[in-house]
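Analysis of the macromolecular model
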Amino acid sequence: MTRDQAINLLHKHITNINLRRHCYAVEAVMRSLAKRFGEDEDIWGLAGLIHDVDYEETKETAKKEHTIRALKWLDELEAHSDVKSAVAEHAWNYVDGAPQPSTRMAWSLYTCDELTGLIVAVALVKPEKKLSAVTVGSIQSKWKQKAFAAGVDRQQIKMCEERLGIALEEFIEIALTSMQNIHEDLGL
């Protein structure tokens, strides 16, 4: 599967611009994490880009069906097996029966998925509503406020330390920088 095929798949199945932007953000973070670990940035990026490709169609039954359609579509496009595994495993603790992440790539996707949402939330409360106004410190400050972006699973993000060997502050910095680098695509 090429990036063009992944973008076509994403745009075919996701019409919500904010969900598309979420996928672009996760792709950017995954590419940066792959680079940090010396892994294939294209493969990791594809996993980030299409990880929620079926969410819009399965959101009403997501606890049972999220990723199932996506995996079928990925099979049809002959996606790399690591991409398929990471997509399936990113739903761990969310979708009934989803397997626990088993690779560094899958753990990266699992932990950065929620973080991108927190970073967007921090940007949106800034007067400028721009990622350029966000700092690691401002994210950490909001992190401590449990009522802020209450739906963000901070424990899931924090697993970056145990599962990836990356300190939380560094993980936040990697994600923020990645997202700032594509701020135009994210509308922030």
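To be clear, the structure that these remarks concern was listed above.
Residues numbered from 1 in each chain as written. Predicted model: local features only at pLDDT ≥ 70, side-chain atom pairs only at ≥ 80, totals over all residues. Heavy atoms only, no water.

1. A few points about the packing of aromatic side chains
Here is the rule we go by: Side-chain rings of Phe, Tyr and Trp (the six-membered ring for Trp) are treated as a pair once their centres are within 6.5 Å; stacked means planes under 30 degrees apart, edge-to-face means over 60, and tilted covers the remaining angles. Numbering of helices and strands starts at the N terminus; helices are DSSP runs of H or I of at least 4 residues and strands are runs of E of at least 2. A 1.4 Å probe rolled over the protein chains alone gives each residue an accessible area, and that area as a share of the maximum for its type sets the label: buried under 20%, exposed over 50%, partly exposed in between. Placement of a positive charge over a ring is assigned whenever Lys NZ or Arg CZ falls within 6 Å of the ring centre and within 35 degrees of the normal to the ring plane.
Under the defined criterion, the tally for this structure stands at 4 aromatic pairs. Consider the rings of Trp92 and Tyr110, whose centres lie 5.4 Å apart with planes at 50°: the pair is tilted. Residue Trp92 is found in the loop between helix 7 (81-89) and helix 8 (104-125), and its partner Tyr110 is found in helix 8; the two are separated by 18 residues along the sequence. Note on Trp92: relative accessible area 19%, which makes it buried. Residue Tyr110 is classed as buried on the basis of its relative accessible area of 2%. Here the aromatic residues Trp92, Trp107 and Tyr110 are joined through ring pairs into a cluster of three or more. Its end group placed over the ring of Phe148, Lys142 keeps NZ or CZ at 4.9 Å from the ring centre.

2. Comments concerning helix 6 (residues 68-76)
Each turn of an α-helix holds 3.6 residues, which means side chains three or four residues apart point in the same direction. For clarity, the threshold we go by: It is the directions from the helix axis to the C-beta atoms that the arc portrays. The criterion used for residue contact is that any of the two residues' heavy atoms lie within 4.5 Å.
Along helix 6, the residues that are buried comprise Ala70, Trp73 and Leu74. Looking straight down helix 6, one finds that the buried residues subtend no more than 100° of arc, so they occupy a single side. Away from its buried face by more than 90 degrees, helix 6 exposes Ile68, Lys72 and Glu76. Lining the buried residues of helix 6 we find helix 1 (3-13), helix 3 (41-50), helix 4 (55-58) and helix 7.

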